[in-house]
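# Close look at the chain arrangement
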Amino acid sequence: MASSKSKHRITREDLLRSPEYWIENIKTELYNVIQDYMDEHKLNRTQLAELVGVTKGYISQVLNGSSDHRISKLVNLATMVGKAPYIYFKDLNAVIEKDKNDQSAYIDFQQLELDAEKLGRKFIKANNTNIVRLKTHLNNPKAYPKCYTGPVDRKEQFTNPPSKKYNDVA
Amino acid sequence: MHKFALHKNIYSSSKIQFYNLINEGIDQFHAFEERLETQYNSEFKSLASSILQLCDGRNLPHGKRRKIEGLKNCVELRSRNHRLYYIKIPEHGLIICLGGTKKNQKKDINRIKALRKLLLKQIMDHGKLKIKTQNN
């Protein structure tokens with residue numbers, strides 16, 4: 001089989017630095033979007049091809065992960081199935097460093113967004129509680145004598161949880 | 001001495017474990033990589049990417065992964081000209097048993113059938129396969 005053998009084994013770092021990994025990554029992402037859409041709408045390849053206005057062969061290529069997509073075709077297909085195809089470029093050295101610490105190079109953006117929303121809601125809730133406490137203190141200082149009334153540093157407000165920075169009066 | 005042991009696959013993660021089968025002292029995954037001509041490096045990277053993606057819990061496109069008919073828990077990872085076969089064995093994870101070409105697919109599937117039998121026999125007779133550490 002081999003005449004000129006590869007001399008060095010391909011390491012994880014080699015793989016993450018190779019275009020092949022990122023091409024496969026995008027193909028898999030697109031496959032999952034299309035497959036989810038087909039499952040959700042109970043469509044077969046032919047029906048999906050008719051719906052989005054491409055050939056059945058093209059859908060097969062996408063589902064087989066064999067197509068090297070033109071950007072315009074990829075975007076067309078994504079928007080046809082109701083998805084906005086964001087693209088995000090991250091520093092490759094940072095990705096490799098993360099991988100060395102057993103953190104996946106793959107980013108699940110949907111999960112990331114859900115986590116961020118959850119965190120945001122938590123922050124707003126904590127901040128609102130703090131405002132209510134401050135208002136209550138201003139109305140009735142005797143009831144909550146320890147409440148912080150000094151100027152609020154906006155930066156600190158974002159970096160420190162309110163309950164630790166300010167005296168908890170609840 | 002036992003015929004089979006395992007190496008942890010370098011593309012494996014802590015979430016999903018992939019192992020390379022060591023058959024009579026030869027790591028089958030490394031042997032496959034070394035047999036490949038440099039012109040197929042790109043295909044090897046594509047197969048390795050599939051392992052990495054499976055470790056992230058992602059579903060692969062139909063053309064990249066296929067269950068082998070009539071052979072329980074045996075899966076084939078596919079590139080244009082090459083195939084990589086793995087078996088899921090309880091309490092062991094996923095074991096890459098063999099790599100080969102598309103041309104020799106039928107022969108390789110028969111070899112996998114035979115290998116699987118021998119593997120399960122060794123596990124039945126001598127317990128879990130030993131995981132060896134790799135030198136490099």
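Conventions and cut-offs
Residues numbered from 1 in each chain as written. Chains lettered and ligands numbered in written order. Predicted model: local features only at pLDDT ≥ 70, side-chain atom pairs only at ≥ 80, totals over all residues. Helix = DSSP H or I, 4+ residues; strand = E, 2+ residues; numbered from the N terminus. Buried ≥ 20, exposed ≤ 12 C-beta atoms within 10 Å, placed from the backbone. Contact = placed C-beta atoms within 7 Å. Rg over C-alpha atoms; globule rule 2.2 N^0.38 Å. Pairing = 2+ DSSP bridges. Core = buried A, V, L, I, M, F, W, Y, C linked by C-beta atoms within 7 Å. pLDDT = per-residue confidence, 0-100. Expected span 1.5 Å × (residues − 1). Axes fitted to C-alpha atoms, helices over the stretch in contact; angles between N-to-C directions. Parallel < 35°, antiparallel > 145°, perpendicular 65-115°, else oblique. Left-handed = near helix turned anticlockwise from the far one by under 90°. Nonpolar A, V, L, I, M, F, W, Y, C, P; charged D, E, K, R; others polar.

## Structural notes on the overall build of chain A
Each helix and strand in chain A was counted, giving 9 helices and 0 strands. Starting at the N terminus and ending at the C terminus, chain A contains elements arranged as α-α-α-α-α-α-α-α-α. Counting over 170 residues, chain A shows a buried share of 10%. Restricting the contact set of chain A to residue pairs at least 6 apart, pairs at least 24 apart contribute 47%.

## A closer look at the overall build of chain B
For chain B, the count of helices and strands is 3 helices and 8 strands. Computed over its C-alpha atoms, the radius of gyration of chain B comes to 14 Å, within 12% of the 14 Å expected for a compact globule of 136 residues. Taking the principal axes of its C-alpha atoms as reference, chain B extends roughly 40 × 30 × 30 Å. Counting only residues that meet the buried cut, chain B has 42% of its 136 residues in that class. Long-range pairs, those at least 24 residues apart, make up 49% of the contacts in chain B with a sequence separation of at least 6.

## What to know about the pairing of strand 7 (residues 93-101) of chain B
Residues and elements named next belong to chain B. Buried residues dominate strand 7, accounting for 7 of its 9 residues. Across 3 bridges, strand 2 (residues 18-23) lies against strand 7 in parallel orientation. In the sheet register, F18 faces strand 7, and the bridge partner there is L94. Looking at chain direction, strand 6 (residues 82-89) and strand 7 are connected through 8 bridges and run antiparallel.

## Here's the deal with the nonpolar core
Counting 36 residues, the largest nonpolar core has Y86, I95, I96 and C97 of chain B as the members making the most contacts within it. Of all the secondary-structure elements, those providing two or more residues to this core are strand 1 (4-8), strand 2, helix 1 (28-35), helix 2 (41-55), strand 5 (74-78), strand 6, strand 7 and helix 3 (105-126) of chain B. Element by element, the count of residues in this core is highest for helix 2 of chain B, at 7 residues. In this structure, Y86 of chain B is in contact with V75, L94, I95, I96 and C97 of chain B, ignoring residues within four places of it in sequence. Counting 7 residues, the second-largest nonpolar core is a separate cluster that includes Y31, I34, L48 and V62 of chain A.

## Concerning the pairing of strand 5 of chain B
Residue and element names in this part refer to chain B. Most of strand 5 is tucked away: 4 of the 5 residues are buried. Where strand 4 (residues 65-67) lies against strand 5, 3 bridges are found, and the strand directions are antiparallel. The partner of K67 across the bridge, within strand 5, is V75. Linking strand 4 back to strand 5 in an antiparallel pair, the connection comprises 6 residues, with G70 at a positive phi of about 75°. Examined bridge by bridge, strand 5 and strand 6 share 5 bridges and lie antiparallel to one another. For C74, the partnering residue across the bridge sits in strand 6 and is I87. If you look at the hairpin formed by strand 5 and strand 6, you'll find 3 residues sitting between the two strands.

## Concerning the confidence of the model for chain A
Close inspection of predicted coordinates is inappropriate in any region flagged by low pLDDT. Residues and elements named next belong to chain A. Taken as a whole, chain A shows an average pLDDT of 82; of its residues, 79% reach a score of 70 or greater. Within the model, pLDDT remains below 50 along residues 1-6, and this stretch shows 11 contacts once partners closer than five positions in the same chain are excluded. Low pLDDT (under 50) marks residues 164-170, which in the prediction has 13 contacts with non-local residues, meaning those over four places away or in another chain.

## Let's talk about helix 2 of chain B
All names here are of chain B. Here helix 2 spans 21 Å end to end across 15 residues, near enough to the 21 Å set by a 1.5 Å rise per residue. Inspection of helix 2 places F44, K45, S46, L47, A48, S49, S50, I51, L52, Q53, L54 and C55 among the buried residues, and these make up the whole buried set. Immediately downstream of helix 2, the backbone of G57 shows phi near 75°, a positive value.

## Describing the environment of S14 of chain B
Counting through the fold element by element, S14 of chain B comes out in the loop between strand 1 and strand 2. Looking at S14 of chain B, the number of C-beta atoms within 10 Å reads 9, which means it is exposed.

## A look at the confidence of the model for chain B
A residue-level look at chain B finds 99% of positions with pLDDT of 70 or above and a mean pLDDT of 92. Quick note on the complex model: pTM equals 0.80, ipTM equals 0.91.

## Quick word on the interface of chain B and chain A
Between chain B and chain A, the residue contacts involve 29 residues of the former and 26 residues of the latter. Tallying contributions element by element places helix 2 of chain B first for the side of chain B that touches chain A, with 10 residues.

## What to know about the packing of helix 3 (residues 45-52) of chain A against helix 4 (residues 56-64) of chain A
When two helices pack together, their arrangement is given by the angle between the helix axes and the distance between those axes. All names here are of chain A. Their axes nearest at 8 Å, the elements helix 3 and helix 4 cross at an angle of 115°. As far as their axial angle goes, helix 4 and helix 3 are roughly perpendicular. Here the hand of the crossing between helix 3 and helix 4 comes out right-handed. Across from R45, T46, L48 and A49 in helix 3, the residues of helix 4 making contact are K56, I59, S60 and L63. Split by residue class, the contact of helix 3 with helix 4 holds 4 nonpolar, 2 polar and 2 charged.

## A look at the environment of N104 of chain B
Within the secondary structure layout, N104 of chain B lies in the loop between strand 7 and helix 3. Sequence spacing of N104 of chain B and Y19 of chain B is 85 residues, and the spatial spacing of their C-alpha atoms is 23 Å.

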